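# Coordinate analysis (summary)
Now for the letters of each chain:
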Amino acid sequence: IEDARRVRVFSLPGQNLLGTVDLVEGLGSLPNVTLVQGEHFIYLSGSDSVGNPLPTLLDDDFEPLPLIIDTEAPAPSLVRPTVNQCLNIADDLEPQDGAQYQPSVNSGSNDGESVSLSLGVDGIVVQRENVSNATYTFSTILLTEGTHDLTLVAEDICGNAGSISGFNVVQNRPDWNAPIPV
C-alpha cells in the first residue's frame, strides 16, 4: 500500500477495530493496543491509490496474521529420582567417576508447546534443550562428592521464563516434592 494511505487494523475473533493507521514510507503503528491473553488474528482493511481493496474476510486469498499473547511463565519442576538412581556417592557403582544423575523434569508447558530448558549445576549451564514435551529427561551428568546447587530454567517462545533451584531440606535430606523457586 502506498504512502499517505489509511488502513484500519482489526483483530479476530469478532471484527474488533484496533485502530486506524496512516502509512509513511510503507509503515505505520498503532498506539497502545490492549489484547487479552490468547490467540488473535490481525488483518488490515483499506485500498491502494487506485481503489483496489486489500483482501477481505470473504476472499480466498485472505490470510490474517496470527498473534499469540502470552504473559505467563512456565512453571518447571524437577521430578524425583527414578528407581535405582543414587545420589549417595558411596553407593554409586562407579564412585571414581562421581555420582551419576539423570535429571527428569516437568517443563512447565503442555505437550506440543515449545520451551527451552537449561539445566545448571553450581551456577554453570551444563545442558540446554529445546523441547515440546511436558516432561523431559536430560542426559546423565556426573556430580563430585559434596553439595551442589541444581537449577532448572524453562523459557517459552514468548520469552517468559520460570525457574527452580534445588529443594527444601527436611531432616538433612532434600525433599523432592518441595523445589525452591529462584
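Quick summary incoming for the structure in this document. (Residues numbered from 1 in each chain as written. Predicted model: local features only at pLDDT ≥ 70, side-chain atom pairs only at ≥ 80, totals over all residues. Heavy atoms only, no water.)

## Considerations on the overall build of the protein chain
- A tally of helices and strands in the protein chain yields zero helices and 14 strands.
- Each helix and strand of the protein chain, placed in order from N terminus to C terminus, yields the pattern β-β-β-β-β-β-β-β-β-β-β-β-β-β.
- Here the protein chain, with 182 residues, has 29% of them falling under the buried criterion.
- Intrachain contacts of the protein chain at a sequence separation of at least 6 include 53% that bridge at least 24 residues.
- As displayed, the protein chain has an accessible area near 11900 Å², and 49% of this comes from carbon and sulfur atoms. (Helix = DSSP H or I, 4+ residues; strand = E, 2+ residues; numbered from the N terminus. Buried < 20%, exposed > 50% of the residue type's maximum accessible area, 1.4 Å probe, protein only. Contact = heavy atoms within 4.5 Å. Areas by Shrake-Rupley, 256 points an atom, 1.4 Å probe, with all protein chains shown as cover.)

## Observations regarding the pairing of strand β1 (residues 6-12)
- Counting buried positions along β1 gives five out of seven residues, so the element sits mostly inside the fold.
- Pairing of β1 with strand β2 (residues 16-22) involves six bridges; the strand directions are antiparallel. Its bridge partner lying in β2, Arg6 is registered against Asp22.
- Where β1 folds back on β2, the antiparallel hairpin that results is connected by three residues, among which Gly14 adopts a positive phi of roughly 75°. (Pairing = 2+ DSSP bridges.)

## Considering the sheet that holds β1
- On the basis of which strands lie adjacent, the open sheet formed by four strands has the order β2-β1-β3-β4 and antiparallel pairing. One side of each edge strand has no neighbouring strand; the edge strands of this open sheet are β2 and β4 (65-69). Sheet twist, expressed as the mean angle between neighbouring strand axes with direction ignored, is 30°.
- Relative to β4, strand β3 (residues 38-45) runs antiparallel, the two being bridged by five bridges. Bridging from a neighbouring strand, Ile42 pairs with Leu65 of β4. (Axes fitted to C-alpha atoms, helices over the stretch in contact; angles between N-to-C directions.)

## Quick look at the sheet that holds strand β7 (residues 104-106)
- The sheet built from three strands is open, its strands ordered β5-β7-β10 with antiparallel pairing. Every interior strand has two partners, whereas the edge strands, β5 (77-78) and β10 (135-137), have only one.
- Where β7 meets β10, three bridges bridge the pair, whose relative direction is antiparallel. When the sheet's bridge partners are listed, Ser104 is paired in β10 with Thr137.

## A few points about the environment of Asp156
- Structurally, the position occupied by Asp156 is in strand β12 (residues 150-156).
- Residue class for Asp156 comes out buried when judged on its relative accessible area of 13%.
- It is 8.1 Å that separates the C-alpha atoms of Asp156 and Ser109, two residues lying 47 residues apart in sequence.
- Once residues lying within four places of it in the same chain are set aside, the contact partners of Asp156 are Asp70, Glu72, Pro74, Ser114 and Val115.
- Of note is the side chain of Asp156, whose polar atom sits 3.0 Å from the backbone nitrogen of Cys158. (Polar contact = N/O pair within 3.5 Å; in protein donor to acceptor, adjacent residues only side chain to side chain.)

## Some points on unusual backbone geometry
- In this structure, Asp122 is a non-glycine residue whose phi angle is positive, near 55°.
- Residue placement: Asp122 occurs in the loop between β8 (115-121) and β9 (124-131).
- According to the relative accessible area criterion, Asp122 is partly exposed, its value standing at 39%.

## Concerning the pattern of salt bridges
- Applying the stated criterion across every chain yields a total of one salt bridge.
- Between Arg6 and Asp22 there is a salt bridge, with the nearest N and O atoms lying 2.7 Å from each other. In this pair, Arg6 is assigned in strand β1 and Asp22 in strand β2, connecting sequence segments 16 residues apart.
- Note on Arg6: relative accessible area 53%, which makes it exposed. (Salt bridge = Lys/Arg side-chain N within 4 Å of Asp/Glu carboxyl O.)

## Quick look at the packing of aromatic side chains
- For the coordinates displayed, the defined rule picks out three aromatic pairs.
- Between Tyr43 and Phe62, the ring centres sit 5.4 Å apart and the planes meet at 80°, which makes this aromatic pair edge-to-face. One end of the pair, Tyr43, is in strand β3; the other, Phe62, is in the loop between β3 and β4, and 19 residues separate them in sequence. In this structure, Tyr43 and Phe62 share a single accessibility class: buried.
- Centre to centre, the rings of Tyr136 and Phe138 are 5.1 Å apart; their planes meet at 90°, and the pair counts as edge-to-face.
- Connected via pairs of aromatic rings, a cluster forms that spans Phe10, Tyr43 and Phe62. (Phe/Tyr/Trp six-rings, centres within 6.5 Å; stacked < 30°, edge-to-face > 60°.)

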